[in-house]
Amino acid sequence: MANRFEKLGIKQTIQKVWMYRVLHLLISGISEKDIRKDLLAMISATEKKDGRAQRSGNTCQMVISVLAAWFKPQENLLDFRNRALDIARKTPCSDWLPLHWAIISAAYPFWFNTAVQAGRLFKLQGKVTPKQIIDRLKEQYGDRESVARYARYTTRSFVAWGVLTDSASRGCYELCPTQTVDSTVLSALLLEAALLARPEGRSSLANLISSPGFFPFNLPVITGDFMAQVSPAVSTSRYNVDEEILQIK
């Protein structure tokens, strides 16, 4: 089985409402079995309401497997999920988007890498096409049709989450207004997610904070010492006077 750095994983468009639903259920103490049952009914009903053919059970399970990053994380991501869950309990649900971004980025690095490529393109131009994002991802993952297909699902998820919007120019995306992350603890969680999305699990703090993979957000400035205090899985070291290096332990 491919590890999370090799798998693409995003095989369907992930609606924001499904992410919020699974987190509400998890906080309520619902069992995994009942969470899966609730999500299956919700996903099927959403498709039917939108006038599309009801999803097959297999397709619904593809969606639920992504949502499971919240309620059944990989063992090496369990502590990370637990800390994210603790933040969620103290945060208004209207501010949960960065939490969902962190959880899915850590569990599915393809999501974060797609965001990185989109963010880089938006630094250069006001509108971006799916093909431009896909071409850059193929340089990283290989020229496979599955890369193009899953990249489309991922970018359509960005639209569904309200971080990208369809441009008036057909076949183009534009940026939505960014969300300011005031919480330094939440910002640290996002930076840790970016480390978890890297096979080497290592980066300078400056590069993390400025990562184009966080294009939907404005992040506060935090220090490596603060990261070490709130993120027990992260170690910090100083490369030189001006550069701090973060590493997943």
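Coordinates for the structure precede this section.
What comes next concerns the included structure. Just so it is clear, the model here is predicted, and its values are computed rather than measured. (Residues numbered from 1 in each chain as written. Predicted model: local features only at pLDDT ≥ 70, side-chain atom pairs only at ≥ 80, totals over all residues. Heavy atoms only, no water.)

**Brief notes about the overall build of the chain**
Secondary structure summary: the chain contains 11 helices and seven strands in total. In summary, the chain has a C-alpha radius of gyration of 18 Å against a globular reference of 18 Å for 249 residues, a match within 12%. In terms of principal-axis extent, the alpha carbons of the chain reach across some 60 × 45 × 35 Å. Per-residue burial for the chain yields a buried fraction of 50% across its 249 residues. Intrachain contacts of the chain at a sequence separation of at least 6 include 67% that bridge at least 24 residues. When the accessible area of the chain is evaluated, it comes to approximately 12,000 Å², of which 50% is carbon and sulfur surface. Averaging the coordinates of the 32 positive side-chain charges in the chain and doing the same for the 23 negative ones gives two points 6 Å apart. (Helix = DSSP H or I, 4+ residues; strand = E, 2+ residues; numbered from the N terminus. Rg over C-alpha atoms; globule rule 2.2 N^0.38 Å. Buried < 20%, exposed > 50% of the residue type's maximum accessible area, 1.4 Å probe, protein only. Contact = heavy atoms within 4.5 Å. Areas by Shrake-Rupley, 256 points an atom, 1.4 Å probe, with all protein chains shown as cover. Lys, Arg positive; Asp, Glu negative; His and termini not counted. Charge placed at Lys NZ, Arg CZ, Asp CG, Glu CD.)

**Digging into the pattern of salt bridges**
The final tally for this structure, using the stated rule, is 13 salt bridges. For the salt bridge of Lys90 with Asp86, the shortest nitrogen-to-oxygen distance reads 3.1 Å. For Lys90, a relative accessible area of 65% corresponds to the exposed category. Residue Asp86 is classed as partly exposed on the basis of its relative accessible area, which comes to 34%. The partner of Arg238 in a salt bridge is Glu244, and the shortest N-O contact between them spans 3.5 Å. By relative accessible area, which is 51% here, Arg238 ends up exposed. (Salt bridge = Lys/Arg side-chain N within 4 Å of Asp/Glu carboxyl O.)

**A few points about the environment of Asp182**
Structurally, the position occupied by Asp182 is in the loop between strand 3 (179-180) and helix 9 (184-196). C-alpha of Asp182 to C-alpha of Asp95: the two residues are 87 residues apart in sequence and 9.9 Å apart in space.

**What about the state of the cysteines?**
The term disulfide refers to a covalent linkage connecting the sulfur atoms of a pair of cysteines. What the rule picks out here adds up to zero disulfides. Cysteine Cys93 shares no disulfide, and the gap to the nearest cysteine sulfur, in Cys176, comes to 19 Å. Under the relative-accessibility criterion, Cys93 is labelled partly exposed at 36%. The thiol of Cys172 is not disulfide-bonded; the next cysteine sulfur, from Cys176, is found 14 Å away. (Disulfide = S-S within 2.5 Å.)

**Here's the deal with the environment of Ser146**
One can find Ser146 in helix 8 (residues 145-160). Sequence-wise, Ser146 and Leu8 are 138 residues apart; in three dimensions their C-alpha atoms are separated by 8.2 Å.

**Considering the packing of helix 5 (residues 97-107) against helix 9**
Packing of helix 5 against helix 9 brings their axes to within 8 Å, and their N-to-C directions diverge by 20°. When the interaxial angle is binned, helix 5 and helix 9 end up roughly parallel. Both helix 5 and helix 9 take part in a crossing whose hand is left-handed. Contacts between helix 5 and helix 9 pair Pro98, Leu99, Trp101, Ala102, Ser105 and Ala106 from the former with Leu186, Leu189, Leu190, Ala193 and Leu196 from the latter. Grouping the constituent residues of the contact of helix 5 with helix 9 by class yields 10 nonpolar, one polar and no charged. (Axes fitted to C-alpha atoms, helices over the stretch in contact; angles between N-to-C directions. Parallel < 35°, antiparallel > 145°, perpendicular 65-115°, else oblique. Left-handed = near helix turned anticlockwise from the far one by under 90°. Nonpolar A, V, L, I, M, F, W, Y, C, P; charged D, E, K, R; others polar.)

**Section: the sheet that holds strand 4 (residues 202-204)**
Ordered by their spatial adjacency, three strands build an open sheet running 4-7-6, and the pairing between neighbours is antiparallel. Of all strands in the sheet, those with a lone pairing partner are strand 4 and strand 6 (234-238), marking the two edges. Taken over all neighbouring pairs, the strand axes of this sheet differ in orientation by 20° on average, direction set aside. Strand direction decides the pairing type here: strand 4 and strand 7 (residues 244-248), joined by three bridges, are antiparallel. Paired with Ser204 across the two strands is Ile245, which belongs to strand 7. Running at roughly 65° to strand 7, helix 9 makes contact with strand 4, strand 6 and strand 7 of the sheet. (Pairing = 2+ DSSP bridges.)

**Considering the packing of helix 6 (residues 109-124) against helix 7 (residues 130-141)**
Taken N-terminus to C-terminus, the directions of helix 6 and helix 7 make an angle of 130°; their axes are 9 Å apart at the nearest point. Classified by the angle between their axes, helix 6 and helix 7 sit oblique to one another. Crossing of helix 6 over helix 7 shows right-handed handedness. Judged by residue contacts, Pro109, Phe110, Asn113, Thr114, Gln117, Ala118, Arg120, Leu121 and Leu124 of helix 6 engage Gln132, Ile133, Arg136, Leu137, Gln140 and Tyr141 from helix 7. The residue inventory of the contact of helix 6 with helix 7, partitioned by class, reads eight nonpolar, five polar and two charged.

**Let's talk about the environment of Leu121**
The residue Leu121 is located in helix 6 in this model. Ignoring any residue separated from it by four or fewer positions in sequence, one finds Leu121 in contact with Val128, Gln132, Ile133 and Arg136.

**Comments concerning helix 4 (residues 78-89)**
Taking 1.5 Å per residue, 12 residues should reach 16 Å; helix 4 reaches 17 Å between its end C-alpha atoms and fits that length. Turning to helix 4, its buried residues are Phe80, Arg81, Arg83, Ala84, Leu85, Ile87 and Ala88. (Expected span 1.5 Å × (residues − 1).)

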